Amino acid sequence: ASKRKGMWMGGQVPMGYCVEDRKLVVVPEEAQVVRQIFGNFIQTRSTTLMVKQLVAQGVLSKNGKPMTKQALYTILHNRVYLGEVGHKGEFYPGQHEALVDQQQWDRVQEIMAENSRDRARSTYSQKCRHGFLLRGMLFTPDGDLYLPMATRKPNGKLYRYYVVNKNQK
């Protein structure tokens, strides 16, 4: 009955909230991170890339540990962020403020429903389309920069490779 009224009845408190009088209250700093996670996932479509970004930014989970993919999946699937409370597979409007809107929630769930291998493949191809992954990072033992090059074979397949930049000197 309490959950049907939208009350918080205990358990692990989700990131972005604290509990006061059986109600979830927004913690602004954590809520900003949760909103960033939802927004970035729509852009990157990759929890692996997001974990790397969040760890680089020094973002910690609710328990004070560095973010993991599992923590991101938990956040991205938690309907509490939509302003709902669940009980035995049923969801009820909560007495707490939602951190994401319905449109953003639906978009994230749509992306999550895709096969993760397909998402990873599309993320990789987007990176490759916009440039070379090792551009500016490869040097010869003499300190010469390797330049990215590409060729397209008659079958349409694109091959990328790196050559030494002899004109740099």
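Refer to the structure presented above.
Thresholds, definitions, all that
- Residues numbered from 1 in each chain as written.
- Predicted model: local features only at pLDDT ≥ 70, side-chain atom pairs only at ≥ 80, totals over all residues.
- Heavy atoms only, no water.
- Helix = DSSP H or I, 4+ residues; strand = E, 2+ residues; numbered from the N terminus.
- Buried < 20%, exposed > 50% of the residue type's maximum accessible area, 1.4 Å probe, protein only.
- Contact = heavy atoms within 4.5 Å.
- Areas by Shrake-Rupley, 256 points an atom, 1.4 Å probe, with all protein chains shown as cover.
- Arc of directions from axis to C-beta.
- Polar contact = N/O pair within 3.5 Å; in protein donor to acceptor, adjacent residues only side chain to side chain.
- 1 Å grid on protein atoms, 1.4 Å probe; cavity = no way out; pocket = protein on both sides within 12 Å on 5 of 7 lines; lining within 4 Å.
- Points joined across faces, edges and corners; volume = space filled by probe spheres on them.
- Nonpolar A, V, L, I, M, F, W, Y, C, P; charged D, E, K, R; others polar.
- Phe/Tyr/Trp six-rings, centres within 6.5 Å; stacked < 30°, edge-to-face > 60°.
- Lys NZ or Arg CZ within 6 Å of the ring centre and 35° of its normal.
- Patch = residues over 30% accessible without salt bridge, like charges linked within 9 Å, V, L, I, M, F, W, Y side chains within 5 Å.
- Salt bridge = Lys/Arg side-chain N within 4 Å of Asp/Glu carboxyl O.

### Focus: the overall build of the protein chain
Inference 1: The helix and strand tally for the protein chain stands at five helices and six strands.
Inference 2: N-terminal to C-terminal, the α/β element order of the protein chain is β-β-α-α-α-β-β-α-α-β-β.
Inference 3: Out of the 169 residues in the protein chain, the part that is buried amounts to 31%.
Inference 4: Restricting to contacts in the protein chain with at least 6 residues of sequence separation, those with at least 24 account for 47%.
Inference 5: Surface exposure of the protein chain reaches about 11000 Å², of which carbon and sulfur atoms provide 51%.

### Overview of helix H2 (residues 47-57)
Inference 1: Buried residues of H2: Thr-47, Met-50, Val-51 and Leu-54, and no others. Angularly, the buried residues of H2 cover 100° about the axis, an arc narrow enough to put them on a single face. Among the exposed residues of H2, those pointing more than 90 degrees away from its buried face are Lys-52 and Ala-56.
Inference 2: Those residues of H2 that are buried are in contact with helix H1 (28-44) and helix H3 (69-77).
Inference 3: If you check the start of H2, you find a side-chain oxygen 3.4 Å away from the backbone N of Thr-48, and it comes from Ser-46.

### Describing the layout of surface pockets
Inference 1: Counted as a void, the largest pocket has a volume near 300 Å³.
Inference 2: Looking at the largest pocket, it is lined by 16 residues, and the ones nearest its centre are Gln-12, Ser-61, Lys-62, Ala-71 and Thr-74.
Inference 3: Looking at the lining of the largest pocket, its residues break down into eight nonpolar, six polar and two charged.

### Quick notes on the environment of Gln-104
Inference 1: Here Gln-104 lies in helix H4 (residues 102-113).
Inference 2: Distance in space between the C-alpha atoms of Gln-104 and Gly-39 is 7.8 Å, their sequence separation being 65 residues.

### Examining the packing of aromatic side chains
A ring pair, where both rings are aromatic, is described by two values, the distance of the centres and the angle of the planes.
Inference 1: Summed over all chains, the structure comprises three aromatic pairs.
Inference 2: Summarising the aromatic geometry, the rings of Tyr-17 and Tyr-81 are spaced 6.1 Å apart at their centres and angled 20° between planes, so their arrangement reads as stacked. One end of the pair, Tyr-17, is in strand S1 (residues 17-20); the other, Tyr-81, is in the loop between H3 and strand S3 (84-87), with 64 residues separating them in the sequence.
Inference 3: By relative accessible area, which is 1% here, Tyr-81 ends up buried.
Inference 4: Among the aromatic residues, those joined into a ring-pair cluster are Tyr-17, Phe-38, Tyr-81 and Trp-105.
Inference 5: The positively charged end of Lys-157 is found above the aromatic ring belonging to Tyr-159, 5.9 Å away from the centroid.

### A short note on a nonpolar patch on the surface
Inference 1: Nonpolar side chains collect at one region of the surface, where Leu-147, Met-149, Tyr-161 and Val-163 lie side by side and expose about 290 Å² of accessible area between them.
Inference 2: Within the secondary structure, Tyr-161 is located in strand S6 (residues 158-164).
Inference 3: Note on Tyr-161: relative accessible area 37%, which makes it partly exposed.

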